[in-house]
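Listed below are the residues making up each chain.
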Amino acid sequence: MGAAGSKLEKALGDQFPEGERYFGLENFGNTCYCNSVLQALYFCVPFREQLLDYYSRNKNGADVEDNLLTCLADLFTQISSQKKKTGVIAPKRFVQRLKKQNELFRSYMHQGILTNETRCLRCETVTARDETFFDLSLDIEQNSSITSCLKNFSSTETLNAEDKFFCDKCCSLQEAQKRMKIKKPPHILVIHLKRFKYIEQLGRYKKLSYRVVFPLELKLSNTVEDADSEYSLFAVVVHVGSGPNHGHYISLVKSHNHWLFFDDENVEMIDESAVQTFFGSAQEYSSNTDHGYILFYERLASENKS
């Protein structure tokens, strides 16, 4: 990224953030999705700081197991300790480990809590079950927004006919109403838009290019008991391509009030206004195939709210 790196440094000039590093990631063949998510995670500053601290505490431990967490901590440390401000790094060790295991480092991710509430329509008893979550997968509709998708996520569903609910109090199957609510909002909210849908008539998955507006500032008041949950967008993983079985992934990242475009080895500055070009297509057939796929929001501290 030599020329591109110097171009980025020139673009930022005196505004280049003190101590920050902007490095592209080498593509090892079909690792663009991995690279895009890694960039989003690296610029999730609380997560990055936790991993750098983890690395510094465990770097001399001979008995520390080589796992996904240690490999990611090692990669983040490599990036943050570079003498150059920009460049390219090969995340080879992490990619190799990722191919072996996919379920570790969850304790370091920021969890939220969902409450699954079911109300028996005969005795009115409410059964609530809590479960942790690391991301929310949302169904999408044409010309919609994240707010409307979240409302649909928490909408009430009636269980009847073959889907009746077994009520412990009635000791029998009963009609019931069910809904999902966010009980504890996470510090980092990751939203996955379900852009790939199985179409029975076609017998295959199809990409939904729907236009879904995702705001720079998001309020979760419509789904959470705590009405003051406000979030700021800091990263977007974008799928580029017309179908689910081919295409490319890039990421947009906000760092120190600047928006950056990461495409494997290449890193460029973009205007904040460019983020909205990745909302999706208002018409089904469009030449634009670059669509927001995974959104990363950070919860705003109370004192930052206006």
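Our subject is the structure listed above.
These numbers come from a predicted model, not from an experiment.

What counts and how
Residues numbered from 1 in each chain as written. Predicted model: local features only at pLDDT ≥ 70, side-chain atom pairs only at ≥ 80, totals over all residues. Heavy atoms only, no water. Helix = DSSP H or I, 4+ residues; strand = E, 2+ residues; numbered from the N terminus. Contact = heavy atoms within 4.5 Å. Salt bridge = Lys/Arg side-chain N within 4 Å of Asp/Glu carboxyl O. Buried < 20%, exposed > 50% of the residue type's maximum accessible area, 1.4 Å probe, protein only. Pairing = 2+ DSSP bridges. Arc of directions from axis to C-beta. Axes fitted to C-alpha atoms, helices over the stretch in contact; angles between N-to-C directions. Parallel < 35°, antiparallel > 145°, perpendicular 65-115°, else oblique. Nonpolar A, V, L, I, M, F, W, Y, C, P; charged D, E, K, R; others polar. Left-handed = near helix turned anticlockwise from the far one by under 90°. Phe/Tyr/Trp six-rings, centres within 6.5 Å; stacked < 30°, edge-to-face > 60°.

Asks: How do you make sense of the side chain of S209 when you look at a structure like this?
Replies: Relative to the helices and strands, S209 is located in the loop between strand 13 (204–207) and strand 14 (212–213). When near neighbours in sequence (up to four residues on either side) are disregarded, S209 contacts R195, G280, S281, Q283, E284 and H291.

Asks: Just to check I follow, could you spell out the environment of L193 for this structure?
Replies: By the secondary structure assignment, L193 is in strand 11 (residues 188–193). Spatially, the C-alpha atom of L193 lies 28 Å from that of R119, the residues being 74 residues apart in sequence. Residues within four places of L193 in sequence aside, it is in contact with L138, I140, I146, V212, G292 and Y293.

Asks: In this structure, what is going on with the pattern of salt bridges? I would like to understand it.
Replies: Oppositely charged side chains can form a pair if their charged atoms are brought close together. Tallying each qualifying case throughout the model produces nine salt bridges. Between R57 and D53 there is a salt bridge, and its shortest N-O distance comes to 2.9 Å. Taken together, the residues span about one helical turn, with R57 and D53 both in helix 3 (residues 45–58) at a distance of four residues. Its relative accessible area of 54% is what places R57 among the exposed residues. According to the relative accessible area criterion, D53 is partly exposed, its value standing at 38%. Across the pair R179 and E117 runs a salt bridge, and its minimum N-O distance is 3.7 Å. Placement of the pair is R179 in strand 10 (residues 176–184) and E117 in strand 3 (residues 112–120), with a sequence separation of 62 residues. Salt bridges sharing common partners tie together E117, R179 and K181.

Asks: Would you take a moment to explain the pairing of strand 20 (residues 290–299) for this structure?
Replies: For a regular strand, side chains alternate in direction, first toward one face of the sheet and then toward the other. Buried residues dominate strand 20, accounting for seven of its ten residues. Across five bridges, the pairing between strand 11 and strand 20 is antiparallel. Paired with V190 across the two strands is F296, which belongs to strand 20. Where strand 16 (residues 230–240) lies against strand 20, nine bridges are found, and the strand directions are antiparallel. Bridge assignment links V237 to a residue of strand 20, and that residue is I294.

Asks: Help me out: how do you make sense of helix 6 (residues 146–153) in this one?
Replies: Residue pairs spaced three or four apart in an α-helix point in one direction, given the helix's 3.6 residues per turn. For helix 6, the set of buried residues is I146, C149 and L150. Projected down its long axis, helix 6 carries its buried residues within an arc of 100°, all on one side. In this structure, the buried side of helix 6 is in contact with strand 5 (136–138), strand 6 (144–145), strand 11, strand 14, strand 15 (217–219) and strand 20.

Asks: I tried to follow the packing of helix 2 (residues 32–42) against helix 4 (residues 68–80) on my own but got confused; where do I start?
Replies: When two helices pack together, their arrangement is given by the angle between the helix axes and the distance between those axes. In the contact formed by helix 2 and helix 4, the axes pass within 12 Å of each other and the chain directions differ by 70°. Looking at the two axes, helix 2 sits roughly perpendicular to helix 4. Two secondary-structure elements touch here, helix 2 through L38, L41 and Y42 and helix 4 through L72, L75, F76, I79 and S80. The residue inventory of the contact of helix 2 with helix 4, partitioned by class, reads seven nonpolar, one polar and no charged.

Asks: What is the right way to read the packing of helix 4 against helix 5 (residues 92–100) from this model?
Replies: Their axes nearest at 9 Å, the elements helix 4 and helix 5 cross at an angle of 165°. With respect to each other, helix 4 and helix 5 are oriented roughly antiparallel. Where helix 4 crosses over helix 5, the two elements pack in a sense that is left-handed. In contact with L68, T70, C71, L72 and D74 of helix 4, helix 5 contributes R93, F94, R97 and L98. Looking at the contact of helix 4 with helix 5 residue by residue, the class counts come to five nonpolar, one polar and three charged.

Asks: Any chance you could explain the pairing of strand 19 (residues 266–270) here in plain terms?
Replies: Where strand 18 (residues 258–263) and strand 19 come together, five bridges link them in antiparallel fashion. Looking at strand 19, one finds that F261 is bridged to E268. The hairpin turn running from strand 18 into strand 19, its antiparallel successor, is two residues long, and D264 in that turn takes a positive phi close to 50°.

Asks: Would you explain helix 5 in this entry?
Replies: All buried positions along helix 5 are accounted for by F94, V95 and R97. Down the axis, helix 5 shows its buried residues gathered within 165° of arc, on one side only. Of the exposed residues in helix 5, those oriented more than 90 degrees away from the buried face are K99 and K100. Check the buried side of helix 5 and you find it contacts helix 2 and helix 4.

Asks: I would appreciate a short explanation of the packing of aromatic side chains in the present structure.
Replies: Given two aromatic rings, their pairing is described by the distance between the two centres and the angle made by the two planes. Applying the stated criterion to the full structure yields twelve aromatic pairs. Arranged with centres 5.1 Å apart and planes meeting at 85°, the rings of Y42 and F43 form a pair that is edge-to-face. Judged on exposure class, the residue Y42 and its partner F43 are both buried. Centroid distance F214 to F279: 4.8 Å. Interplanar angle 80°. Geometry classified as edge-to-face. In this pair, F214 is assigned in the loop between strand 14 and strand 15 and F279 in the loop between strand 19 and strand 20, connecting sequence segments 65 residues apart. Judged by its relative accessible area of 8%, F279 falls in the buried class.

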